[in-house]
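Okay, here's what each chain looks like letter by letter:
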Amino acid sequence: MSKQKVAVITGSGQGIGKVLGERLANDGFSIVLSDINEQTLIETEKEFKNNGVEVTSFVGNVSKLDDQKALVKHAVDTFGSVDVFINNAGIEGEVAPIIEIDPKMVDPVLDINVKGVLFGIQAAANQMIEQKTGGKIINACSIAGQEGFEMLGPYTASKFAVKGITHSAAKELAKHKITVNSYCPGIVGTSMWERLDEKMMKFLGTKKGEAFEKYAEGIALGRTQTPEDVANLVSFLASPNADYITGQNILTDGGMVFN
């Protein structure tokens, strides 16, 4: 069994989740990657192994509690414990005015972004309680969990839910020495924002790339965010330096939403 601490990261086949895995591996964690896309996950696991990372992977759907339980079991069977669990998986869903939202497009966003976090917390917390060693649960929120954004009604609703779940879980799990916090990114240049930009063209009358630029104009620090910026915060939250922080939804957006 590994003596290193173990970090489990959902939605880590690519994008922010992959970078989180790279950063926590550099911090000394054994890494458990998880994603619904098997091929992407296989490629990322191979890349990690080639870089000398102690890593394993698990294909699962975060909106299914049984999959989340199986993910935690896989982590424990492989490395012996779960010390940090990051509910990173999320989707943007439909981009449309509220009066035009397709009812069929609401449930997938809530399933992944809300149920995924809820079930991830449940599976991870039960294991951490059994270990009697405490732990850290870190959720993916967003600036859209702090302020509503046009054309993103269901996504905004899901991220406000994550903010509330983070509060509730932190209060319930503190007695077990489990902290629960969330990171709230802003405008990150990933494939998700590429899709958002394309979807917004229909409603905003913008050209490719213009919606991204429009949303980025208000960033006080004058640049869009990188996945590494997000990883800096998550690295801190996963470290002993954050042992006295719980129930917080922390913005990392370069200065867009102020609270």
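For the protein, an unreviewed UniProt entry supplies the name diacetyl reductase [(S)-acetoin forming] and the organism Pseudogracilibacillus auburnensis.

This part is about the overall build of the protein. Summing up its helical and strand segments, the protein has eight helices and seven strands in all. The C-alpha radius of gyration computed for the protein amounts to 18 Å, which stays within 12% of the reference 18 Å derived for 259 residues, consistent with globular compactness. Across its three principal axes, the protein shows a C-alpha extent of roughly 55 × 40 × 40 Å. Looking at the 259 residues of the protein, the share that counts as buried comes to 55%. For the protein, restricting intrachain contacts to residue pairs at least 6 apart in sequence, the fraction spanning at least 24 positions comes to 70%.

This next bit is on the sheet that holds strand S4 (residues 84–87). Here seven strands make up an open sheet; going across it, the order is S3-S2-S1-S4-S5-S6-S7 and the pairing parallel. If you trace the sheet from one side to the other, it starts and ends with strand S3 (55–59) and strand S7 (249–252), each paired once. Sheet twist, expressed as the mean angle between neighbouring strand axes with direction ignored, is 20 degrees. Looking at chain direction, strand S1 (residues 6–10) and strand S2 (residues 30–35) are connected through five bridges and run parallel. Bridge pairing in S2 links Val 6 to Ser 30. Strands strand S5 (135–140), strand S6 (178–185) and S7 of the sheet are contacted by helix H5 (residues 153–173), whose axis makes an angle of about 160 degrees with S6.

The next thing to look at is the packing of helix H4 (residues 106–131) against H5. Put simply, H4 and H5 touch, their axes get as near as 9 Å, and they point 15 degrees apart. Here H4 lies roughly parallel to H5, going by the angle between them. Considering the relative orientation of H4 and H5, their crossing is right-handed. On the side of H4, the interface is formed by Val 106, Val 109, Leu 110, Asn 113, Val 114, Val 117, Leu 118, Ile 121, Ala 125 and Ile 129, while H5 contributes Pro 154, Tyr 155, Ser 158, Lys 159, Ala 161, Val 162, Ile 165, Ala 169 and Leu 173.

Rules and cut-offs
- Residues numbered from 1 in each chain as written.
- Predicted model: local features only at pLDDT ≥ 70, side-chain atom pairs only at ≥ 80, totals over all residues.
- Heavy atoms only, no water.
- Helix = DSSP H or I, 4+ residues; strand = E, 2+ residues; numbered from the N terminus.
- Rg over C-alpha atoms; globule rule 2.2 N^0.38 Å.
- Buried < 20%, exposed > 50% of the residue type's maximum accessible area, 1.4 Å probe, protein only.
- Contact = heavy atoms within 4.5 Å.
- Pairing = 2+ DSSP bridges.
- Axes fitted to C-alpha atoms, helices over the stretch in contact; angles between N-to-C directions.
- Parallel < 35°, antiparallel > 145°, perpendicular 65-115°, else oblique.
- Left-handed = near helix turned anticlockwise from the far one by under 90°.

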